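# Report on the structure
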There are 2 protein chains.
Amino acid sequence: MAREPYVSVNFSASQPGRRVSQKDIVEQLSEEIASGRLRPAMRLPPVRALEHQLGISKNTAQAAYDELVARGLLESRLRQGVFVSVPADGIPAAPVRNAAAPRLVGPDLPRPQPVRPERLELSNVFIDPELLPHAQLSDCFRSVLAVPGLHTFYDAQGHPGLREVIAERLRARGIEADPDEVIVTTGSQQALDIVARSLEHKVVATEDPVYSIARQLFLNLGCRMLPLRLDPFRRVDFDAWAEQIAEARPSLVYLITSYQNPTGYSYSTAELERLLELSERYGFALLEDDWGSDMLSCSEYRPTLRALGGRNVLYVNSFTKKLLPSLRLGYLLCSESTRDVLVAAKRVATLGNATLMEATLHEFISRGYYDAHLRRVHGLLDQRYHACLDLLRDGMPPGVRFSTPGGGPTVWLDLPRTIRIEPLRERLARRGVFIESADSHFYGEPHLNGFRIGFAFLSSERLQLGVRAVAEELVVLSAQAGAAPLQPIQIRN
Amino acid sequence: MAREPYVSVNFSASQPGRRVSQKDIVEQLSEEIASGRLRPAMRLPPVRALEHQLGISKNTAQAAYDELVARGLLESRLRQGVFVSVPADGIPAAPVRNAAAPRLVGPDLPRPQPVRPERLELSNVFIDPELLPHAQLSDCFRSVLAVPGLHTFYDAQGHPGLREVIAERLRARGIEADPDEVIVTTGSQQALDIVARSLEHKVVATEDPVYSIARQLFLNLGCRMLPLRLDPFRRVDFDAWAEQIAEARPSLVYLITSYQNPTGYSYSTAELERLLELSERYGFALLEDDWGSDMLSCSEYRPTLRALGGRNVLYVNSFTKKLLPSLRLGYLLCSESTRDVLVAAKRVATLGNATLMEATLHEFISRGYYDAHLRRVHGLLDQRYHACLDLLRDGMPPGVRFSTPGGGPTVWLDLPRTIRIEPLRERLARRGVFIESADSHFYGEPHLNGFRIGFAFLSSERLQLGVRAVAEELVVLSAQAGAAPLQPIQIRN
């Protein structure tokens, strides 16, 4: 039942240390009405509310109201409550208040579009929902729900058992890790957030192109940004990077060292060592995002900055893509000396996260479901990845390049400069094939000319439809561009 | 099985647009070894990893490795993999890299202590776990788990159905609200975070004392803070506030308008109107935190800034305390003009939150369980509140004051200045009764001399034990302080 809010009046006892009396209420309400602070037709607190607030008997409150009704200051309306009396000449207009509008600034992000699995989204970075272990997750939820008390409280650092199995898995990959160095987060995004908000000196370098929401996060937290150019078709130009770093002196370099998002590039061990050497020389910390691990077979044994460079490297990973996007579970691996400040940063951000989700993931991993799921997914995604490479090799005209990441959920398709992406995007959309606008990944004018292809999201059949559409439109667009015409494509069926 | 990470080498095809060949691998690995970038005993990628990454046949990769083994550059170890050969004079020490340590600064928060329901925690702000609807929540989880696909993806703004029932409930309280103005958050803490991180001009005023983790949040995000003194035993001194505001020009004033945390103070309607008038005059936005609503009966009809001051007021509430702390579900009510920037702020912070929790809460409210639960809790907490007031009235010596909030989970107990809190705290702890150190709520030297009593957390019996212990220690301490001795206490049994 809709009830209008009542006004709030604070009564005080005329005798210190005693309860508010009937007389106190009568006098103070009379004064509020006489002063105009209580205006005609305002609803007064129900007798029960006064009883509760003041710890007085219902009779005391009722008697005070009765007295004020008798004096003509209040009126009682059946089933509606007690109101300040309305004078014969009506209710003077209440002052309309309009609080000042907040002045807010925010990330330059478009309103998110919901994922629609029925659309042929060629650049989608998720794993095909058909491959996710819904039934086993449900099973684990049910076990967790059987725990009495439903884990009433939360551990701000994250479910202790989950932190233990995470540390164990990392050690099995050659990464030193202790459960007490693991902070469970809302996806890897929160892991990035708690690092970014804790930086003493807010200058951050990232690859260019970069995972765009990470860049928006750093900007949102007031960081000055330094773009380090990454071209997946060349080696990293460390001399250029070193020069920029020496000049701008970032406090943090954020990198996706394997299957970089969006290019698919993986750093070689020699390159990782070069990065560590630069970190030692220039004193910047490293934040390593391992977003694409565990999707294809063998991808879990890649070298990492954390394994090569020790406990100062901040390492981020997530379970979200591999299990269920809406789980929103990731983690930050830090060190004993950084943990307390990072947990405190998480506390001011969200206090702690939903324990049931953490407990369910713990159950899922402990039962061995996660490893079994990964083995199954690896087989299926390996096939999709190879089908994707085959389609691109056989179907793309000369001049079209693509990265071969061997992991993660996407490859980067790069087009000759004669092809403009925007008209291609529009033509494809008219055919029901959707590719991303990759501009947001770049700091300025894109130095690559392409987009991601999400081989993990689409079945090989749908991927083939999509790639064929791209190839056909490329032929048309290159003819329009007056460039040497690309040959029509033959795709194996 | 623990496997050490392999090194990562990026191969390139000598012929552009073609696959990497056996010859390419042999030549490039030879070069990497000769240059010292690949060092003795380093493990090479498994053949399958090369196959995956490069999209070449397993035979090509194997033949390349065989050739390099034949040349003595690599050696194959049974079941362990392929390694760079170790020369007869042993392995030269690898350079040990040690990335620079991150320089982080963070909130001034102690490491959180887990809630231990068996301890007599007199200042705990939670509701007694015994009163929470665990079984009904489990039921709702089970229904949600029966939905095919487990809500694979998430809505960054929050589950649409949940936003609808939240808006409906707010309208029933006289607050204009549209589902599209609701942003679901990880507890109310995230609601505060997304507002704070979006402020264009980072000067924030709060009450003093203040909910301390909100203050730490604002500080963490680089805000300059303005303390507005609140004394629950007096009216608000708006003249002083206006003077401070005119001087410091905050862009935002953060307030808990009902059952303020920690004092229990509630603003009268006249005071809320005065605040709105100041907002109009000085142009600051209002962030209203309704943390204590819905705990005692009648407390849901309190006037709010949002109802009185319109859609510019940002309003925050949470389900966490009332249902299950580990649910971590709250919301921010904003307006159409502020929504997009605030959703974008939430996206950079966590992208989106666990949909299953949101869907479960939606189910819980839709079934009517929430209203039924509140009715039951109101009855039980009303009793505890009154028992608490009775205990304090009958048991506390003269000179001890307490707020009578009539809502929320706590009252503020304020002691004569002759009593120092810290020795009291220590003496009580030795008796197994724990009270908070309230210093963190204040900006400087506390202008009140007390602590919160959490009547919602403890059964009346345990509350009585705790209050009696406080009363007894007060008598001892006041005698030690040489003040007029407080009388021994009689508590009704």
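Residues numbered from 1 in each chain as written. Chains lettered and ligands numbered in written order. Predicted model: local features only at pLDDT ≥ 70, side-chain atom pairs only at ≥ 80, totals over all residues. Heavy atoms only, no water.

## Some thoughts on the pattern of salt bridges
Applying the stated criterion to the full structure yields 66 salt bridges over all chains. For Arg163(A), the salt bridge is made with Asp155(A), and the minimal N-O distance between the two is 3.4 Å. Taking the shortest distance from any N to any O, the salt bridge between Arg173(B) and Asp290(B) comes out at 3.0 Å. Here Arg173(B) is found in the loop between helix H5 (160-172) and strand E4 (182-185), whereas its partner Asp290(B) is found in the loop between strand E8 (285-289) and helix H10 (305-309), with 117 residues between them in sequence. Accessibility classification places Arg173(B) together with Asp290(B) in one group, the buried group. (Salt bridge = Lys/Arg side-chain N within 4 Å of Asp/Glu carboxyl O. Helix = DSSP H or I, 4+ residues; strand = E, 2+ residues; numbered from the N terminus. Buried < 20%, exposed > 50% of the residue type's maximum accessible area, 1.4 Å probe, protein only.)

## Quick look at unusual backbone geometry
Here the residue pair Asp208(A) and Pro209(A) is connected by a cis peptide bond, since its omega of 5 degrees sits within 30 degrees of zero. Positionally, Pro209(A) belongs in the loop between strand E5 (203-208) and helix H7 (212-220). Of note, the bond from Asn261(B) into Pro262(B) is cis; its omega dihedral lies within 30 degrees of zero at 15 degrees. Residue placement: Pro262(B) occurs in the loop between strand E7 (252-255) and helix H9 (269-282). Its identity is not glycine, yet Arg79(A) carries a phi of approximately 60 degrees, on the positive side. With respect to the secondary-structure elements, Arg79(A) resides in the loop between strand E1 (74-77) and strand E2 (81-84). Since its relative accessible area comes to 81%, Arg79(A) is described here as exposed. Not every positive phi belongs to a glycine, and Ala41(B) is a case in point at roughly 75 degrees.

## Describing the environment of Leu68(A)
Residues and elements named next belong to chain A. Following the sequence through the fold, Leu-68 ends up in helix H3 (residues 58-70). Separated by 148 residues in sequence, Leu-68 and Gln-216 have C-alpha atoms that sit 60 Å apart. Those residues within four positions of Leu-68 in sequence are excluded, and the remaining contacts are Val-26, Leu-29, Ser-30, Leu-73 and Leu-74. (Contact = heavy atoms within 4.5 Å.)

## Quick look at the relation of the copies chain B and chain A
Superposition record for chain B on chain A: RMSD 0.0 Å, screw rotation 180 degrees, translation along axis 0.0 Å. Here the transformation between the copies is reduced to the relation of a two-fold axis. (Least-squares fit on C-alpha atoms with pLDDT ≥ 70 in both.)

## Some words on the side chain of Arg339(A)
Residue position: Arg339(A) is located in helix H12 (residues 336-350). Here the side chain of Arg339(A) touches Asp340(A) through a polar contact of 3.1 Å, side chain to side chain. Discounting residues that sit within four places of it in the chain, Arg339(A) has contacts with Gln157(A), Asp180(A), Ile183(A), Cys334(A) and Arg111(B). (Polar contact = N/O pair within 3.5 Å; in protein donor to acceptor, adjacent residues only side chain to side chain.)

## So, the interface of chain B and chain A
At the junction of the two partners, chain B supplies 139 residues and chain A supplies 138 residues. Summed over both partners, the interface of chain B with chain A comes to about 11700 Å²; 57% of that surface belongs to carbon and sulfur atoms. Among the residues chain B hides against chain A, the three largest losses belong to Arg97(B), Phe153(B) and Tyr301(B). Together they make up 7% of the total. Taken together, the links from chain B to chain A amount to twelve salt bridges. Among the salt bridges present, the one from Arg197(A) reaches Asp193(B), with a minimum N-O distance of 2.8 Å. Summed over the shared surface of chain B and chain A, the result is 55 residue pairs in polar contact (both at pLDDT 80 or more). (Buried area = accessible area lost by both parts, 1.4 Å probe.)

## A few points about the sheet that holds strand E9 (residues 314-318) of chain A
Residue and element names in this part refer to chain A. Overall, mixed pairing links the seven strands, which are arranged E4-E10-E9-E8-E7-E5-E6 in an open sheet. Where the open sheet ends on each side, the last strands, each with one partner, are strand E4 (182-185) and strand E6 (224-229). Strand-to-strand, the axes of this sheet are offset by a mean angle of 20 degrees, without reference to chain direction. Pairing geometry for strand E7 (residues 252-255) and strand E8 (residues 285-289), over four bridges, is parallel. Bridge pairing in E8 places Val-253 opposite Leu-286. The sheet contacts of helix H5 (residues 160-172) involve E4, E9 and strand E10 (330-333), and relative to E4 the element is tilted by about 115 degrees. Packing of helix H8 (residues 238-248) onto the sheet brings it into contact with E5, E6 and E7, and relative to E6 it is tilted by some 165 degrees. (Pairing = 2+ DSSP bridges. Axes fitted to C-alpha atoms, helices over the stretch in contact; angles between N-to-C directions.)

## Observations regarding the confidence of the model for chain A
Per-residue pLDDT for chain A averages 90, and the proportion of residues at 70 or more is 96%. A low-confidence stretch, residues 488-493 of chain A stays under pLDDT 50, and its non-local contacts, those more than four residues away or across chains, total 18 contacts. (pLDDT = per-residue confidence, 0-100.)

## A few points about the packing of aromatic side chains
Residues and elements named next belong to chain A. Under the defined criterion, the tally for this structure stands at 24 aromatic pairs over all chains. Considering the side-chain rings of Phe-238 and Trp-241, the 5.5 Å spacing of their centres and the 70 degrees angle between planes classify their relative orientation as edge-to-face. Remark: Trp-241 and Phe-238 occur in helix H8; sequence separation between them is three residues, near one turn of the helix. Look at Phe-238 and you get buried, because its relative accessible area is 5%. For Trp-241, a relative accessible area of 1% translates into the label buried. On the basis of an interplanar angle of 40 degrees and a centroid distance of 6.4 Å, the ring pair of Tyr-315 and Tyr-331 is categorised as tilted. Of this pair, Tyr-315 sits in strand E9 while Tyr-331 sits in strand E10, and the two are 16 residues apart along the sequence. (Phe/Tyr/Trp six-rings, centres within 6.5 Å; stacked < 30°, edge-to-face > 60°.)

## Thoughts on the sheet that holds strand E14 (residues 450-454) of chain B
Residues and elements named next belong to chain B. Strand order across the open sheet formed by three strands is E11-E12-E14, with antiparallel pairing between neighbours. The open sheet is flanked by strand E11 (401-402) and E14, the only strands paired with a single partner. Note that strand E12 (residues 410-414) and E14 share five bridges and pair antiparallel. Bridged to Trp-412 within E14 is Arg-452.

## Things to note about the packing of helix H15 (residues 421-430) of chain A against helix H16 (residues 460-480) of chain A
Residue and element names in this part refer to chain A. Running from N to C, H15 and H16 cross one another at 130 degrees; their axes reach a closest spacing of 10 Å. Comparing the axis directions of H15 and H16 gives the class oblique. Handedness of the crossing formed by H15 with H16: right-handed. For the pair formed by H15 and H16, the contact residues are Pro-423, Leu-424, Arg-427 and Leu-428 on the first element and Ala-469, Val-470, Glu-473, Leu-474, Val-476, Leu-477 and Gln-480 on the second. Looking at side-chain class alone, the contact of H15 with H16 contains eight nonpolar, one polar and two charged residues. (Parallel < 35°, antiparallel > 145°, perpendicular 65-115°, else oblique. Left-handed = near helix turned anticlockwise from the far one by under 90°. Nonpolar A, V, L, I, M, F, W, Y, C, P; charged D, E, K, R; others polar.)

## Here's the deal with the environment of Leu308(B)
Looking at the element boundaries, Leu308(B) is found in helix H10. The contacts of Leu308(B), once residues within four sequence positions are left out, are Arg97(A), Thr269(B), Leu272(B), Leu276(B) and Pro303(B).

## Here we look at the nonpolar core
In terms of nonpolar packing, the biggest core is built from 148 residues, with Leu122(A), Leu413(A), Phe451(A), Leu122(B), Leu413(B) and Phe451(B) touching the most fellow members. Excluding anything up to four places from it in sequence, Leu413(A) contacts Leu392(A), Met396(A), Val400(A), Arg401(A), Phe402(A), Asn449(A), Gly450(A), Phe451(A), Ile453(A) and Val470(A). (Core = buried A, V, L, I, M, F, W, Y, C linked by side-chain atoms within 4.5 Å.)

## Overview of helix H6 (residues 187-196) of chain B
Burial within H6(B) is extensive, with ten of its ten residues counted as buried. Buried within H6(B) are the following residues: Gly187(B), Ser188(B), Gln189(B), Gln190(B), Ala191(B), Leu192(B), Asp193(B), Ile194(B), Val195(B) and Ala196(B).

## Section: the side chain of Thr304(A)
Residue and element names in this part refer to chain A. Mapped onto the elements of the fold, Thr-304 is located in the loop between E8 and helix H10 (305-309). In this structure the side chain of Thr-304 is engaged in a polar contact, spanning 3.0 Å, whose partner is the backbone nitrogen of Ala-307. In contact with Thr-304, not counting residues within four places along its chain, are Arg-173, Ile-175, Leu-272, Glu-288, Asp-290 and Tyr-315.

## Some thoughts on H15(A)
Each turn of an α-helix holds 3.6 residues, which means side chains three or four residues apart point in the same direction. All names here are of chain A. Of all the positions in H15, only Ile-421, Leu-424 and Leu-428 are classed as buried. For H15, the buried positions fall inside an angular range of 60 degrees around the axis, keeping them on one side. Among the structural elements, strand E13 (433-434), strand E14 (450-454) and H16 are those in contact with the buried residues of H15. Gly-432 occupies a position one or two residues after H15 and carries a positive phi of about 80 degrees. (Arc of directions from axis to C-beta.)

## Here we look at the environment of Glu247(B)
All names here are of chain B. Within the fold, Glu-247 resides in helix H8 (residues 238-248). In this structure Glu-247 comes out as exposed when scored by relative accessible area, which is 70%. In this structure the C-alpha to C-alpha distance between Glu-247 and Ser-297, which are 50 residues apart in sequence, comes to 40 Å.

## Topic: the state of the cysteines
Residue and element names in this part refer to chain A. The tally for this structure, following the rule as stated, stands at zero disulfides over all chains. Free of any disulfide, Cys-334 has its nearest neighbouring cysteine sulfur in Cys-223, separated by 18 Å. With relative accessibility at 0%, the residue Cys-334 sits in the buried group. (Disulfide = S-S within 2.5 Å.)

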